[in-house]
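Examining the three-dimensional arrangement
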Amino acid sequence: MALWAKAQSLPAEALQQVRAIYTDRFPIEVRHFLAPWIEEKMWCLEIETHNPHHEQYAASIVADLIHLLESKANSMNSEDLLTSKYKLMDFANAVKQRYARSPLDLFRVVRHCLNSELKVIQQVENVSMGPITPGTGLMVDAAAEIAQQVDVLRHRTTETGTLLRQMEQEQENFALHYHECTKLKAHLQHLQSQLMNQQNIELEKTVRRQKDISEQTLNQKVSSLLRLRLQLADKLSESVTHLVTLQCRVLDDELIRWKREQQLAGNGAQFNSNLDFIQDWCESLAEIIWLNRHQIKELERLKQKFPLEPPGVVDVLPNLNIKVTELLSSLVTSTFIIEKQPPQVMKTNTRFTSTVRLLVGGKLNVHMTPPQVKATIISEAQANALLKNDIVAKGEAGGQILNNTGTMEYHQATRQLSVSFRNMQLKKIKRAEKKGTESVMDEKFSLLFQSQFSVGGGELVFQVWTLSLPVVVIVHGNQEPHAWATVTWDNAFAEPGRIPYAVPDKVSWCRVAEALNMKFHSATGRPLSEANLCFLAEKAFGNPNMSDLQNQMLTWSQFCKEALQDRSFTFWEWFYAVMKLTREHLRGPWMDGLILGFIRKKQAQDMLVATNTTSTFLLRFSDSELGGITIAWVGDGEFGSQVFMLQPFTHKDFAIRSLPDRIADLQHLVYLYPDIPKDQAFSKYYTLLDDQPTSNNGYVKPFLVTHVPGWGGPGPCSTPSNPNTPPHMFQAPSPEAGSARDTPSVASHVSDSVYGSVDYDQFPQQFPQLWAYT
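Residues numbered from 1 in each chain as written. Predicted model: local features only at pLDDT ≥ 70, side-chain atom pairs only at ≥ 80, totals over all residues. Heavy atoms only, no water.

Checked against the element boundaries, glycine 406 lands in strand 6 (residues 405–407). Beyond its immediate chain neighbours, meaning those up to four positions away, glycine 406 contacts Pro371, Gln372, Val373, Val419 and Phe421. (Helix = DSSP H or I, 4+ residues; strand = E, 2+ residues; numbered from the N terminus. Contact = heavy atoms within 4.5 Å.)

Here we come to the side chain of serine 446. Among the structural elements, serine 446 can be located in strand 9 (residues 445–455). Judged by its relative accessible area of 0%, serine 446 is buried. Within polar-contact distance, the side chain of serine 446 engages the side chain of tyrosine 501 at 3.0 Å. The residues touching serine 446, leaving out its near neighbours within four places in the chain, are Thr376, Ile377, Ile378, Leu467, Ser468, Leu469 and Tyr501. (Buried < 20%, exposed > 50% of the residue type's maximum accessible area, 1.4 Å probe, protein only. Polar contact = N/O pair within 3.5 Å; in protein donor to acceptor, adjacent residues only side chain to side chain.)

What follows is about the pairing of strand 9. Extensive coverage of strand 9 is indicated by the burial of 9 of its 11 residues. Direction of pairing for strand 4 (residues 372–379) relative to strand 9: antiparallel, over a ladder of 7 bridges. When the sheet's bridge partners are listed, serine 379 is paired in strand 9 with phenylalanine 445. Pairing of strand 9 with strand 10 (residues 460–467) involves 8 bridges; the strand directions are antiparallel. Across the sheet, glutamine 450 pairs through a bridge with tryptophan 465, a residue of strand 10. Counting the residues in the hairpin turn of strand 9 and strand 10 gives 4 residues, including glycine 456, whose phi is positive at 70 degrees. (Pairing = 2+ DSSP bridges.)

In this section: the nonpolar core. Residues Leu10, Phe26, Leu106, Val250, Phe336 and Phe449 are the most contacted members of the largest nonpolar core, which totals 117 residues. At 15 residues, helix 9 (residues 198–265) tops the list of elements feeding residues into this core. Residues Leu516, Cys560, Leu586 and Phe621 belong to the second largest nonpolar core, which totals 60 residues. (Core = buried A, V, L, I, M, F, W, Y, C linked by side-chain atoms within 4.5 Å.)

Time to look at the confidence of the model for the protein. For residues with low pLDDT, the predicted coordinates do not support detailed interpretation. When pLDDT is averaged along the protein, the result is 81; 87% of the residues meet or exceed 70. Below a pLDDT of 50 lies the segment residues 715–742, which in the model reaches 67 contacts outside its immediate sequence neighbourhood of four places, other chains included. In the model, residues 752–774 has pLDDT below 50 throughout and makes 49 contacts with residues more than four positions away in sequence or in other chains. (pLDDT = per-residue confidence, 0-100.)

Below, the discussion takes up the side chain of aspartate 442. Note that aspartate 442 resides in the loop between strand 8 (416–429) and strand 9. For aspartate 442, a relative accessible area of 17% puts it in the buried group. In this structure the side chain of aspartate 442 is engaged in a polar contact, spanning 2.7 Å, whose partner is the side chain of histidine 482. In contact with aspartate 442, other than residues within four places in its own chain, are Thr437, His482, Thr486, Trp556 and Lys561.

Time to look at the environment of leucine 184. Relative to the helices and strands, leucine 184 resides in helix 8 (residues 142–192). By relative accessible area, which is 17% here, leucine 184 ends up buried. Linking leucine 184 and serine 214, residues 30 residues apart in sequence, is a C-alpha distance of 8.6 Å. Among residues more than four places away in sequence, those in contact with leucine 184 are Val207, Gln210, Lys211 and Ser214.

Turning our attention to the sheet that holds strand 4. In space, the 4 strands of this open sheet follow the order 6-4-9-10, with antiparallel pairing throughout. Lying at the two open borders of the sheet, with one neighbouring strand each, are strand 6 and strand 10. Mean inter-strand twist for the sheet, computed between neighbouring axes without regard to direction, equals 25 degrees. With 3 bridges connecting them, strand 4 and strand 6 associate as antiparallel partners. Across the sheet, the residue bridging to valine 373 is glycine 406, located in strand 6. Against the sheet, helix 11 (residues 317–334) contacts strand 9 and strand 10, and its axis sits at roughly 40 degrees relative to strand 10. Relative to strand 4, helix 12 (residues 380–389) is tilted by about 120 degrees, and along the sheet it contacts strand 4, strand 9 and strand 10. (Axes fitted to C-alpha atoms, helices over the stretch in contact; angles between N-to-C directions.)

Between helix 9 and helix 13 (residues 480–493), the least distance of the axes is 8 Å, while the angle of their chain directions is 150 degrees. With respect to each other, helix 9 and helix 13 are oriented roughly antiparallel. The two elements helix 9 and helix 13 cross, and the hand of that crossing is left-handed. Where helix 9 approaches helix 13, its residues Arg260, Gln263 and Leu264 are matched on the opposing element by Asp490, Asn491, Ala492 and Phe493. When its residues are assigned to classes, the contact of helix 9 with helix 13 shows 3 nonpolar, 2 polar and 2 charged. (Parallel < 35°, antiparallel > 145°, perpendicular 65-115°, else oblique. Left-handed = near helix turned anticlockwise from the far one by under 90°. Nonpolar A, V, L, I, M, F, W, Y, C, P; charged D, E, K, R; others polar.)

The next subject is the packing of aromatic side chains. Within this structure, the stated rule accounts for 29 aromatic pairs. Look at phenylalanine 26 and phenylalanine 91: their rings are 6.1 Å apart centre to centre, the planes differ by 45 degrees, and that puts the pair in the tilted class. Of this pair, phenylalanine 26 sits in the loop between helix 2 (12–21) and helix 3 (28–33) while phenylalanine 91 sits in helix 6 (residues 82–99); the two residues are 65 residues apart in sequence, bridging distant segments of the chain. Phenylalanine 91 shares its class with phenylalanine 26; the two are buried. Across from the ring centre of tryptophan 590, 3.9 Å away, lies the NZ or CZ of arginine 526, which sits over that ring. When the ring centre of tryptophan 574 is taken as origin, the NZ or CZ atom of lysine 539, which lies over that ring, is 4.5 Å away. (Phe/Tyr/Trp six-rings, centres within 6.5 Å; stacked < 30°, edge-to-face > 60°. Lys NZ or Arg CZ within 6 Å of the ring centre and 35° of its normal.)

The next subject is empty space enclosed by the protein. As enumerated under the stated definition, the model contains 2 cavities of 30 Å³ or more in all. For the second largest cavity, the calculated volume is near 30 Å³. Residue lining of the second largest cavity: Thr488, Trp489, Ala492, Phe493, Val512, Ala515, Leu516 and Phe559, and that is the complete set. The set of elements that each furnish at least two residues to the lining of the second largest cavity consists of helix 13 and helix 14 (509–524). In terms of residue count, helix 13 provides more of the lining of the second largest cavity than any other element does, 4 residues in total. Residues belonging to the lining of the second largest cavity are distributed by class as follows: 7 nonpolar, 1 polar and no charged. Looking at which domains feed residues into the lining of the second largest cavity, each of domain 3 (341–431 + 440–503) and domain 4 (507–685) gives three or more. (1 Å grid on protein atoms, 1.4 Å probe; cavity = no way out; pocket = protein on both sides within 12 Å on 5 of 7 lines; lining within 4 Å. Points joined across faces, edges and corners; volume = space filled by probe spheres on them. Domains from an automatic or database assignment.)

Encoded structure:
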């Protein structure tokens, strides 16, 4: 049974929850009229909304959706479908404007709605399968629940608006009756002053009777007005109470969760931003709060016109007015957010970007007077003072930023009020005094964005500011690894509501492992295995025999301050260099599982010996060389089969010739551990030779071949190669620091296969091939 058909058969309460899921971003009319197509093309298809490679296919689906919307709208000619027709046409135009450049965003919106709808259906089905106990509710996801609460508040606000109009009419009606009663009293007094004859006596009785009836009616109207006023005040109090609860849910739960997920995205976590949904909720809150504030003020105005208070009743309106204004202030200041964070490792004199957005700007018409936003960089101490005083930090900024002001613009298609700083540049930075082992890469700064908004035609003015995630400022590329250690630790282990920018000095290994895995997975495309993480734990703690690793506490010093045993670099420096090498040069083979990588030398030896097959090899990351990878293989040695290890390759080597091509060059490597033919494993990564022996300028193209002396040399056409790769000279590096070699280590050489580095026009004959070993 199709999802939409199931949804339409739901009980009334659940169906109302489904309806609350759909907003202008994805109208329920579109869901209804295109239900089968939407479920087939936008829900069931295996399009990954976070994968940019799927964007082109998603764009074709969105184009089909626009065509279907327009066709369906044009076919709706009956008057009862006129509203739906306009809804479909409006959504088609909105899709063209909003999602032309970001079709995957539309998929995220649609799937969010359909998944929320499915949860409502599943909950109903689960409830119906078992006995229903008193108080059993339908637990739906946050979006549907918030949408339902917004719908309830809208309904309540409509009710109080109706009561307010009723009260105003009754008050006007009372004023008319009061005026008539006053006239009757005056007429009666006039008659009483006249000579009392029979006619006047009868007239007096009639007027007195009319006056008494009028006074009785007035008394009834006074009682009715007072009851209505109290009822309206109670309803407004309840609405404000509900608004406080819902706003806390949106700002303190959903928006804080979004900010936390944005911070984790800095460590590589997948970030499916739901900021547009949060904006919808915030805009609804802004609209409802503004209407309730207007109703409270109107009730106060009507009360001043009829200043009668029942005895013993406290006037709640002044406090309500204060509370609802505070709600609006909190909403505006909290929804001034950084949509795109500045780089967390920031290099001086380097251009960077950032985007700031006000989620309620469109609803409150802030854009009618476009606000200016200014960015400054402040120190950790200044950020701390700022949060304590809740005012803009005084004193000098922590540095100088060029192009640091911008004007917020409203984009009609996306309904977003934002400003993008595209050309900011940090020129100067002021450092604090360092203590102990502190370095400039430990010091955290933050970008402070400030602005001022007017709401209600200048009736309310809000001073707003927001802080970026912590930023580490560097002046040279060699400071980058340690700077990323500071940022990674902060992103992973920052606690909600912390003092800027306090982080724990030690955390459990399971949390560190999660952060390392997140970082490595994002950079290289494949997560770390349990064995990989166990290897990393042993390296970080410097103990290969540790038990209960998950509960061991790793300190910040062990993470990136203390050098590894018998090494001149830290655990983080080693990990970062391996991650960078894999990301830039080994991503494909790593994703294919061809690189074991995180494995001890002794373990590699045991695994290779156990195969009992010469020419079998594996790839492991070097313990002694930062960002190095070595090839270990089984070969015939002086005492039979031995394990040899090639001197590690680094990114400098792979900038000249790739790892797969180097493996192809070495003919003594036949099987990738355990028994995979190397061409089967690596052939798709080989660089193909150019058939042309000469380039357009008449020179012969050389190509480079890796050769290990003593293990045979490659033939003239034994390997694929990149003809444009420059020649390179290697020097055999020294043995691994801190230990004598227990495995033969062989230095590879690069051979330059040449058809002659001379003018081809002068020597048309075939050139001999030369092999030079460096």
